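# Architecture and fold: a report
Take a look at the letters that make up each chain.
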Amino acid sequence: MTIKTKAQKGLTLPLNQILDGDCIELMNSLPEESVDLIFADPPYNLQLRGDLHRPDNSKVDAVDDHWDQFESFAVYDKFTRDWLKAARRLLKPNGAIWVIGSYHNVFRMGAELQNQGFWILNDVVWRKSNPMPNFRGKRLTNAHETLIWAGKSEHSKYTFNYEALKALNEGIQMRSDWMLPICTGHERIKDENGDKAHPTQKPESLLHRVLLGTTNPGDVILDPFFGTGTTGAVAKMLGRDFIGIEREEAYRKVATKRIAKVRKFDNEALQVSTSKRAEPRVAFGVLVERGMLRPGEELYSLNGRHTVKVRADGTLSSDDMKGSIHQVGAHLEGAPSCNGWTYWQFKREGQRVPIDLLRQQVRAEMAKHA
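This report concerns the structure included in the present document. These numbers were taken from a predicted model, which means no experiment stands behind them. (Residues numbered from 1 in each chain as written. Predicted model: local features only at pLDDT ≥ 70, side-chain atom pairs only at ≥ 80, totals over all residues. Heavy atoms only, no water.)

Attention now goes to the sheet that holds strand β8 (residues 241–245). Spatially, eight strands are ordered β1-β8-β7-β2-β3-β5-β4-β6 in an open sheet, and the strand pairing comes out mixed. Edge strands, defined here as strands with exactly one partner in the open sheet, are β1 (17–19) and β6 (177–180). The sheet shows a mean angle of 20 degrees between the axes of neighbouring strands, taken without regard to direction. Note: strand β4 (residues 119–128) against β6, four bridges, orientation parallel. (Pairing = 2+ DSSP bridges. Helix = DSSP H or I, 4+ residues; strand = E, 2+ residues; numbered from the N terminus. Axes fitted to C-alpha atoms, helices over the stretch in contact; angles between N-to-C directions.)

See the structure below:
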């Protein structure tokens with residue numbers, strides 16, 4: 001497909017397509033502030049000097065492609081500056097970016113991110129459970145890569161699905177060091193000759209964690225260095241839209257074929273754990289207004305020690321205190337605070353029921369009509 005390199009107002013986004021061409025020109029041709037997240041795996045500028053061999057004298061299939069060759073650090077820095085500027089222009093005000101690199105380039109990218117006004121949120125160490133050994137024995141084995149997650153600005157209200165990542169990690173808060181294997185076996189895509197289709201193909205597990213944690217279904221994700229399409233494949237599975245940019249024809253062919261085979265998970269499977277803070281706020285008085293609880297009705301504390309009455313304005317009254325469900329609960333328990341929603345219960349058919357059940361009913365109705 002052909003896209004004019006000058007940005008056009010009202011230009012339709014080429015969703016779920018792989019664009020052929022220079023990433024900077026193509027990004028500058030797309031509508032401003034139209035993308036929710038960017039995942040970028042740019043050339044690392046490895047500065048390799050000659051071939052690398054194993055102890056048995058077999059040659060290592062290292063990254064020596066022309067796209068990873070830069071004349072100097074100054075040339076690489078200009079490239080980094082230009083593509084990050086184009087990327088920032090594309091991000092929505094509350095958008096974010098992930099970049100990944102090795103020690104060769106990640107520090108240079110981190111500095112440029114800050115120079116351009118991005119706000120760094122985390123750096124993540126991807127610890128490779130099966131790294132390539134250091135065959136020459138002159139340095140430590142390079143067993144990790146670094147990802148940087150940054151908001152478009154300090155004030156961006158970026159997406160972070162904290163509870164979903166916590167659930168993914170067996171109920172423990174997700175840390176910033178991720179132990180994941182590199183691509184091997186069936187996941188490693190091969191070309192017609194049986195060789196690696198791409199020397200730095202990223203594992204789907206890495207993109208699954210990134211996209212699950214920092215995007216929502218329906219979000220638009222741009223990958224300006226698309227390669228064999230890991231970002232697009234995972235985005236499609238998770239119900240996100242993607243835009244890929246890749247100038248190498250061989251990689252585009254592999255990615256197109258790969259993504260065509262991917263099936264999106266059904267809508268129910270795409271739902272993830274959410275924080276209660278992210279749920280719509282429901283005031284206790286709404287339950288009274290709607291007749292779900294009546295003025296004068298009694299509420300009972302969870303421990304059974306206290307009884308209060310509901311008032312018409314959504315407050316509670318005890319023998320010596322009047323106030324909100326939280327204030328009265330805290331006063332009766334002699335505590336600095338109290339979550340009234342989990343502390344108070346009402347009676348129906350002789351059974352005590354948490355008032356939070358009524359709040360959840362209201363929230364369900366709100367979601368249905370949202």
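Next comes the rest of the description.
What follows is about the sheet that holds strand β9 (residues 298–301). Strand order across the open sheet formed by six strands is β12-β11-β10-β9-β13-β14, with antiparallel pairing between neighbours. Every interior strand has two partners, whereas the edge strands, β12 (322–323) and β14 (351–354), have only one. Two elements, β9 and strand β13 (residues 344–348), share two bridges in a ladder whose sense is antiparallel. Bridge assignment links Ser301 to a residue of β13, and that residue is Trp344.

Quick look at the environment of Asn339 now. Here Asn339 lies in the loop between α10 (325–333) and α11 (340–343). Linking Asn339 and Ile325, residues 14 residues apart in sequence, is a C-alpha distance of 7.9 Å.

On to unusual backbone geometry. The backbone of Asn16 sits at a positive phi, close to 55 degrees, despite the residue not being glycine. Checked against the element boundaries, Asn16 lands in the segment before β1. Given a relative accessible area of 40%, Asn16 falls into the partly exposed group. Positive phi is not limited to glycine here, since Glu349 has a value of about 55 degrees. If you trace the backbone, Glu349 turns up in the loop between β13 and β14. The exposure class assigned to Glu349 is exposed, which follows from its relative accessible area of 84%. (Buried < 20%, exposed > 50% of the residue type's maximum accessible area, 1.4 Å probe, protein only.)

The first and last C-alpha atoms of helix α2 (residues 73–90) sit 26 Å apart over 18 residues, in line with the 26 Å expected at 1.5 Å per residue. Among the residues making up α2, those that are buried are Tyr76, Phe79, Thr80, Trp83, Leu84, Ala86, Ala87 and Leu90. Looking straight down α2, one finds that the buried residues subtend no more than 160 degrees of arc, so they occupy a single side. Among the exposed residues of α2, those pointing more than 90 degrees away from its buried face are Ala74 and Lys85. At its buried positions, α2 is contacted by α1 (23–29), β2 (35–40), β3 (91–101), α3 (106–115) and β7 (220–223). (Expected span 1.5 Å × (residues − 1). Arc of directions from axis to C-beta. Contact = heavy atoms within 4.5 Å.)

Attention now moves to the packing of aromatic side chains. The final tally for this structure, using the stated rule, is eleven aromatic pairs. Measuring from centroid to centroid gives 6.1 Å for Phe160 and Tyr162, while their planes differ by 65 degrees, and the two rings are edge-to-face. Classification of Phe160 as partly exposed rests on a relative accessible area of 39%. Geometrically, the ring pair formed by Tyr343 and Trp344 is edge-to-face, given 4.7 Å between the ring centres and 85 degrees between the ring planes. According to the relative accessible area criterion, Trp344 is buried, its value standing at 0%. Each residue in the set Trp98, Trp149, Tyr158, Phe160, Tyr162 and Trp178 is aromatic and connected to the rest through ring pairs, giving one cluster. In this arrangement the basic side chain of Arg88 is found over the ring face of Phe118, its NZ or CZ atom lying 5.6 Å from the centre. When the ring centre of Trp178 is taken as origin, the NZ or CZ atom of Arg209, which lies over that ring, is 5.1 Å away. (Phe/Tyr/Trp six-rings, centres within 6.5 Å; stacked < 30°, edge-to-face > 60°. Lys NZ or Arg CZ within 6 Å of the ring centre and 35° of its normal.)

For any two helices packed against each other, the geometry is given by the interaxial angle and the distance between the axes. Contact pair helix α5 (residues 204–214) / helix α6 (residues 230–237): the axes reach a minimum separation of 9 Å and the direction vectors enclose 55 degrees. Classified by the angle their axes make, α5 and α6 are oblique. Relative to α6, α5 is oriented so that their crossing is right-handed. Two secondary-structure elements touch here, α5 through Glu204, Leu207, His208 and Leu211 and α6 through Thr230, Thr231, Ala233, Val234, Ala235 and Met237. When the residues that make up the contact of α5 with α6 are grouped by side-chain class, the tally is six nonpolar, three polar and one charged. (Parallel < 35°, antiparallel > 145°, perpendicular 65-115°, else oblique. Left-handed = near helix turned anticlockwise from the far one by under 90°. Nonpolar A, V, L, I, M, F, W, Y, C, P; charged D, E, K, R; others polar.)

Take Glu297: it is sitting in the loop between α9 (284–289) and β9. Assessed through its relative accessible area of 16%, Glu297 is described here as buried. Ignoring anything within four residues of it in the chain, the contact list for Glu297 reads Val308, Lys309, Val310, Phe346, Lys347 and Arg348.

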